[in-house]
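# Fold and contact review
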Amino acid sequence: MENAGPARRSILVVAAALIDPEGRVLVQQRAPGKSLAGLWEFPGGKAEPGESPEEALVRELDEELGIAIDAAALSPVAFSTATDDALSLVLLLFASRVWRGVPRPFDAAALRWCAIDALRRLPMPPADVPLIDPLAPWLSAT
Ligand SMILES: Nc1nc2c([nH]c(=O)n2[C@H]2C[C@H](O)[C@@H](COP(=O)(O)OP(=O)(O)OP(=O)(O)O)O2)c(=O)[nH]1
């Protein structure tokens, strides 16, 4: 079988499920002009070469939301993959209930706190959909 690998770019994306005291998770809407514009995603982004996943997520949450979080507060929840001709994406989802500061949308069009039912109804990137079920036990029902 032919090897499709070399034509593709590989990226590691790290994302956070930040959970508030009511058991809701924070999602952000991708800004106009970006890829996947208008879809709702977990805050995070691409890991840079040499960064650990946790280091990358601490940096992204500072840049995108202006919050401070300890790497030790990040609990692995699930991963997902999305592959096409050009790209092999691996998405790691971490959860945390503890951070410092109030999230603000420095990178996104909007922020929203969602219970599980609302999360299931949001349009999300394809790689996010398989993460919803593993995240459900962390969230409140309504
Ligand atoms: N942060 C985040 N990114 C996600 C999620 N699901 C998902 O497919 N992605 C994709 C969208 C982007 O292609 C990539 C994250 O890139 P990024 O946030 O660092 O950078 P970006 O939007 O400027 O990148 P780009 O896609 O416009 O090139 O991962 C998610 O839940 N959170």
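Residues numbered from 1 in each chain as written. Predicted model: local features only at pLDDT ≥ 70, side-chain atom pairs only at ≥ 80, totals over all residues.

### Re the site of the ligand
Close to the ligand lie 15 residues; S35, E41, G45, P125 and A127 are nearest. Breaking the shell around the ligand down by element, the ones donating at least two residues are β1 (9-18) and β4 (44-46). For the shell around the ligand, the element with the most residues is β4, which contributes three residues. Here the residues of the shell around the ligand are counted per class, giving eight nonpolar, three polar and four charged. (Near = placed C-beta within 6 Å. Helix = DSSP H or I, 4+ residues; strand = E, 2+ residues; numbered from the N terminus. Nonpolar A, V, L, I, M, F, W, Y, C, P; charged D, E, K, R; others polar.)

### As for the sheet that holds strand β3 (residues 40-41)
Pairing in this open sheet of three strands is antiparallel, and the strands run β3-β2-β7 from one edge to the other. In the strand order of this sheet, the two ends are held by β3 and β7 (110-114), each with one partner. As paired elements, strand β2 (residues 25-29) and β7 share five bridges and run antiparallel to each other. When the sheet's bridge partners are listed, Q29 is paired in β7 with A110. (Pairing = 2+ DSSP bridges.)

### Here we look at the confidence of the model for the protein chain
Mean pLDDT for the protein chain: 95, with 95% of residues reaching 70 or above. Predicted complex metrics record ipTM = 0.93 and pTM = 0.94. (pLDDT = per-residue confidence, 0-100.)

### Some words on the pairing of strand β6 (residues 87-96)
Where a strand is regular, its side chains alternate between the two sheet faces. Sheet topology places β1 next to β6; ten bridges connect them, and they run parallel. Following the sheet pairing, A15 is matched in β6 by L93. As defined by bridge partners, strand β5 (residues 75-83) adjoins β6 across eight bridges and the pair is classed as antiparallel. The partner of T83 across the bridge, within β6, is S88. Between β5 and β6, which follow one another and run antiparallel, lie three residues.

### Examining the nonpolar core
Formed by 27 residues in total, the largest nonpolar core has its most connected members in V14, A15, A16, A17, L57, L93 and F94. Mapped onto this core, the elements with two or more residues apiece are β1, β2, α1 (53-65) and β6. Looking at this core, the element that brings in the most residues is β1, giving six residues. Beyond its immediate chain neighbours, meaning those up to four positions away, L57 contacts V14, A16, G44, L74 and F94. (Core = buried A, V, L, I, M, F, W, Y, C linked by C-beta atoms within 7 Å. Buried ≥ 20, exposed ≤ 12 C-beta atoms within 10 Å, placed from the backbone. Contact = placed C-beta atoms within 7 Å.)

### Comments concerning α1
With 13 residues, α1 ought to run about 18 Å at 1.5 Å a step, and its terminal C-alpha atoms sit 18 Å apart, in line with that. Contact partners of the buried residues in α1: β1, β4 and β6. Looking one or two places after α1, you find G66, whose phi comes out positive at around 70°. (Expected span 1.5 Å × (residues − 1).)

### A closer look at the sheet that holds β5
Strand order across the open sheet formed by four strands is β4-β1-β6-β5, with mixed pairing between neighbours. One side of each edge strand has no neighbouring strand; the edge strands of this open sheet are β4 and β5. Shown here is a sheet whose adjacent strand axes are inclined to one another by a mean of 15°, direction ignored. (Axes fitted to C-alpha atoms, helices over the stretch in contact; angles between N-to-C directions.)

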